[in-house]
Amino acid sequence: MRFIKSLSTSTKRQSAFIALFCVTFLASCSTAPKSNDANTPSRAASPDAAEQRIVDMVNITNKDANTTLAAIADKQDQRNLYLEQASLRLSEVPAAVLAQYQQAINAMKNQQWQNANGLFDNVIAAQPQLSGAYVNKAIIAINQQAFDQADALLEQAIKANSSNPYAHQIKANLARQQGQYAQAEQGYLTALALWPQYPQAQINLAMLLELYRGKLLQARQFYLAYLANQPDDEQAKRWLAGVEIKIQRAGLTLPDNTNGAG
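Residues numbered from 1 in each chain as written. Predicted model: local features only at pLDDT ≥ 70, side-chain atom pairs only at ≥ 80, totals over all residues. Heavy atoms only, no water.

Here's the deal with the overall build of the protein chain
Each helix and strand in the protein chain was counted, giving 14 helices and zero strands. Scanning the protein chain from its N terminus toward the C terminus, one meets helices and strands in the order α-α-α-α-α-α-α-α-α-α-α-α-α-α. Counting only residues that meet the buried cut, the protein chain has 51% of its 262 residues in that class. In the protein chain, the share of contacts with a sequence separation of at least 24, taken over all contacts with a separation of at least 6, comes to 70%. Accessible surface, the protein chain: about 11,600 Å² in total, of which carbon and sulfur atoms supply 48%. (Helix = DSSP H or I, 4+ residues; strand = E, 2+ residues; numbered from the N terminus. Buried < 20%, exposed > 50% of the residue type's maximum accessible area, 1.4 Å probe, protein only. Contact = heavy atoms within 4.5 Å. Areas by Shrake-Rupley, 256 points an atom, 1.4 Å probe, with all protein chains shown as cover.)

Notes on the side chain of Gln202
Turning to its location among the elements, Gln202 is positioned in helix 12 (residues 199–211). Residue Gln202 is classed as buried on the basis of its relative accessible area of 1%. Sequence-distant contacts of Gln202, defined by excluding residues within four places in its chain, comprise Leu192, Pro196, Gln197, Phe222, Ala225, Tyr226 and Asn229.

Concerning the packing of helix 11 (residues 181–194) against helix 12
Close contact between helix 11 and helix 12 brings their axes to 10 Å; oriented N to C, the two are set at 150 degrees. Taken together, the axes of helix 11 and helix 12 are roughly antiparallel relative to one another. Pair helix 11 / helix 12 crosses with left-handed handedness. On helix 12, the residues that touch Tyr181, Ala184, Glu185, Tyr188, Leu189, Ala191 and Leu192 of helix 11 are Ala201, Gln202, Asn204, Leu205, Leu208 and Leu209. Residues belonging to the contact of helix 11 with helix 12 are distributed by class as follows: 10 nonpolar, two polar and one charged. (Axes fitted to C-alpha atoms, helices over the stretch in contact; angles between N-to-C directions. Parallel < 35°, antiparallel > 145°, perpendicular 65-115°, else oblique. Left-handed = near helix turned anticlockwise from the far one by under 90°. Nonpolar A, V, L, I, M, F, W, Y, C, P; charged D, E, K, R; others polar.)

A few points about the confidence of the model for the protein chain
On average, residues of the protein chain score 75 in pLDDT, and 64% of them are at 70 or above. Considering only residues more than four positions removed or in separate chains, one finds that residues 14–67, a stretch of pLDDT under 50, has 173 contacts. Segment residues 258–262: pLDDT under 50, and 12 contacts once partners within four positions in sequence are set aside and those in other chains are kept. (pLDDT = per-residue confidence, 0-100.)

Thoughts on the environment of Gln103
Note on placement: Gln103 falls in helix 6 (residues 95–109). Exposure remark for Gln103: the relative accessible area of 43% places this residue in the partly exposed category. Along the sequence, Gln103 and Leu119 sit 16 residues apart, while their C-alpha atoms lie 7.4 Å from each other.

Focus: the pattern of salt bridges
By the definition in use, this model includes eight salt bridges. A salt bridge links Lys137 to Asp121, with the shortest nitrogen-to-oxygen separation between them at 2.8 Å. With Lys137 in helix 8 (residues 131–143) and Asp121 in helix 7 (residues 113–126), this residue pair connects regions lying 16 residues apart in the sequence. In this structure Lys137 comes out as buried when scored by relative accessible area, which is 9%. Relative accessible area serves as the criterion here: at 38%, Asp121 is assigned to the partly exposed category. Where Asp151 meets Lys171, a salt bridge forms, and the shortest distance between an N and an O atom there is 2.8 Å. Of this pair, Asp151 sits in helix 9 (residues 147–160) while Lys171 sits in helix 10 (residues 165–177), and the two are 20 residues apart along the sequence. Just as Asp151 is buried, Lys171 falls in that class too. (Salt bridge = Lys/Arg side-chain N within 4 Å of Asp/Glu carboxyl O.)

Regarding the nonpolar core
Counting residues in hydrophobic clusters, the biggest one holds 31 residues, and the most contacted among them are Tyr101, Met108, Phe120, Val135 and Leu154. Among the secondary structure elements, those contributing two or more residues to this core are helix 6, helix 7, helix 8, helix 9 and helix 10. The element that contributes the greatest number of residues to this core is helix 8, accounting for eight residues. Grouped together as the second largest cluster of nonpolar side chains are 30 residues, Tyr223, Leu224, Tyr226 and Val243 included. (Core = buried A, V, L, I, M, F, W, Y, C linked by side-chain atoms within 4.5 Å.)

Some remarks on helix 6
The first and last C-alpha atoms of helix 6 sit 21 Å apart over 15 residues, in line with the 21 Å expected at 1.5 Å per residue. Val97, Tyr101, Ala104, Ile105, Ala107 and Met108 are the residues of helix 6 that are buried. For helix 6, the buried positions fall inside an angular range of 160 degrees around the axis, keeping them on one side. Seen from the open side of helix 6, the exposed residues pointing more than 90 degrees away from its buried face are Ala95 and Ala96. (Expected span 1.5 Å × (residues − 1). Arc of directions from axis to C-beta.)

Written as structure tokens, this is what we have:
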């Protein structure tokens, strides 16, 4: 999706914040959903490889998750335990259900929303513990501008599996759209506690902290963390330069680092 050229630089930067990233089963999903926020049109961003083949056969716990800004920003753990442990649940799901899940994903890719929704309903009826089905239904609802329904579906996804970082990430996007900035911040932090190097959560949190929370130093940390994973994102580099200028103008001490720590 494109930026509207007449927008101010600040509004353009806010536009990046709304991009919602697809949650799928062994395939990439539909196009990024539309936003209902007139001030923040969505910006396309390429989903990372892990997010394109997400499975939800996992129900792990993360008792040591520390959802504070400092702890998450400085954490360099690359592991996504949610994905690593997916195979533990695969054998418990009947082949017919897996096939139907894949059919639903294919329908989403073709924007056949009604068909996909019905297939996910069948999956949930057979395997209600699979939070990925609820997340995909939420993505369908977002594409249909049914944001309250999407939020309720994400609540169901988190209830089914609170360790699903993708559910927390998308729910945080919706919270930001509704002006619930503290809730959005916590949602991104929760996603990052589950997967510390989650690029979309990193960049979205960075923009939230800069534009809506006034936490410039912490925003810089997350821009740096994101760029460590996505070093070719020129737009993010410009945003990082911009927040560093804001930090200097505010009289804050700019940490002398390049890796997001400090």
